[in-house]
Amino acid sequence: MVAIRACEVADHPGLAGLMAEMQAHYRVPCPSDAEIRAGLANRPAGTELLVAEHDSAIVGFAAFSAIYPGPGLRPGCFLKEIYVAQAARGLGAGRALLAELARLALARGLGRIDWTAARDDERLLRFYENLGAKQHPEKVFFRLTGEELARLAEG
């Protein structure tokens, strides 16, 4: 059975290992374990984490924040990241994380959950669609980073 709960400081070591696995999965650079733990301890205000636990091990997580405004000027929730360990896939951790996030959103009066997904990951897209999520192709995802971010900040 998979249990979902809010992340606690004691979870940081296990969560750091899971985040390192996620970085390898996406084939992107990964900071050191100490840097990951520092990031968890000093994450921006309003950032929340849920963890999925199975047999006393953290096997998944969801990182999210409340956002405002949305359609109808209602608040919503943005799911920044959801990840389940490769070895734990099929246990229902992803579905359980999203179900708990949906319960939290409704309890807090948040009218929706938004997130992004890799366009070419058909299995992932089917998973989200099977939950009842709808793709919104009329929206385009943008990102400012690195030199472009610094240049804009400088004016």
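In the block above lies the structure referred to throughout.
Read on for a plain summary of the structure. Since the model is a prediction, treat every value here as computed from it, not as a measurement. (Residues numbered from 1 in each chain as written. Predicted model: local features only at pLDDT ≥ 70, side-chain atom pairs only at ≥ 80, totals over all residues. Heavy atoms only, no water.)

## Describing the pattern of salt bridges
If you walk through the whole model with that rule in mind, you get 7 salt bridges. Notably, a salt bridge pairs Arg-37 with Asp-33, separated by 2.9 Å at the nearest N-O pair. Placement of both Arg-37 and Asp-33 in helix 2 (residues 33-41) is noted, with a separation of 4 residues, approximately one turn of the helix. Connected via shared salt-bridge partners are Arg-5, Asp-11 and Glu-53. (Salt bridge = Lys/Arg side-chain N within 4 Å of Asp/Glu carboxyl O. Helix = DSSP H or I, 4+ residues; strand = E, 2+ residues; numbered from the N terminus.)

## Digging into the nonpolar core
Grouped together as the largest cluster of nonpolar side chains are 34 residues, with contacts concentrated most on Leu-15 and Phe-61. Elements with a contribution of two residues or more to this core: helix 1 (12-25), helix 2, strand 2 (48-54), strand 3 (57-67), strand 4 (76-84) and helix 3 (93-107). Excluding residues within four positions of it along the chain, Phe-61 makes contact with Leu-15, Leu-18, Met-19, Met-22, Leu-49, Leu-50, Val-51, Glu-81, Ile-82, Tyr-83 and Leu-97. (Core = buried A, V, L, I, M, F, W, Y, C linked by side-chain atoms within 4.5 Å. Buried < 20%, exposed > 50% of the residue type's maximum accessible area, 1.4 Å probe, protein only. Contact = heavy atoms within 4.5 Å.)

## As for the environment of Gly-70
One can find Gly-70 in the loop between strand 3 and strand 4. With relative accessibility at 16%, the residue Gly-70 sits in the buried group. Counting along the chain gives 36 residues from Gly-70 to Ala-34, while the straight-line C-alpha distance between them is 36 Å.

## A closer look at a nonpolar patch on the surface
Residues Leu-144, Leu-149 and Leu-152 make up a contiguous nonpolar surface patch of roughly 300 Å² in combined accessible area. Here Leu-144 lies in the loop between helix 4 (122-130) and helix 5 (146-154). (Patch = residues over 30% accessible without salt bridge, like charges linked within 9 Å, V, L, I, M, F, W, Y side chains within 5 Å. Areas by Shrake-Rupley, 256 points an atom, 1.4 Å probe, with all protein chains shown as cover.)

## Topic: the packing of aromatic side chains
The geometry of an aromatic ring pair comes down to the distance between the two centres and the angle between the two planes. Counted by the stated rule, this structure contains 3 aromatic pairs. Taking the centre distance of 5.6 Å and the plane angle of 50° together, the rings of Phe-127 and Tyr-128 count as tilted. Judged by relative accessible area, Tyr-128 falls into the buried class, the value being 7%. Members of the aromatic cluster, joined through ring pairs, are Trp-115, Phe-127 and Tyr-128. (Phe/Tyr/Trp six-rings, centres within 6.5 Å; stacked < 30°, edge-to-face > 60°.)

## Examining the pairing of strand 3
Strand direction decides the pairing type here: strand 2 and strand 3, joined by 7 bridges, are antiparallel. Along strand 3, the bridge assignment pairs Glu-48 with Phe-64. Taken together, strand 2 and the strand that follows it, strand 3, pair antiparallel across an intervening segment of 2 residues, in which Asp-55 is found at a positive phi of about 50°. In this sheet, strand 4 lies alongside strand 3 in antiparallel orientation, the contact comprising 8 bridges. In the strand pairing of strand 4, Phe-61 is matched with Tyr-83. (Pairing = 2+ DSSP bridges.)

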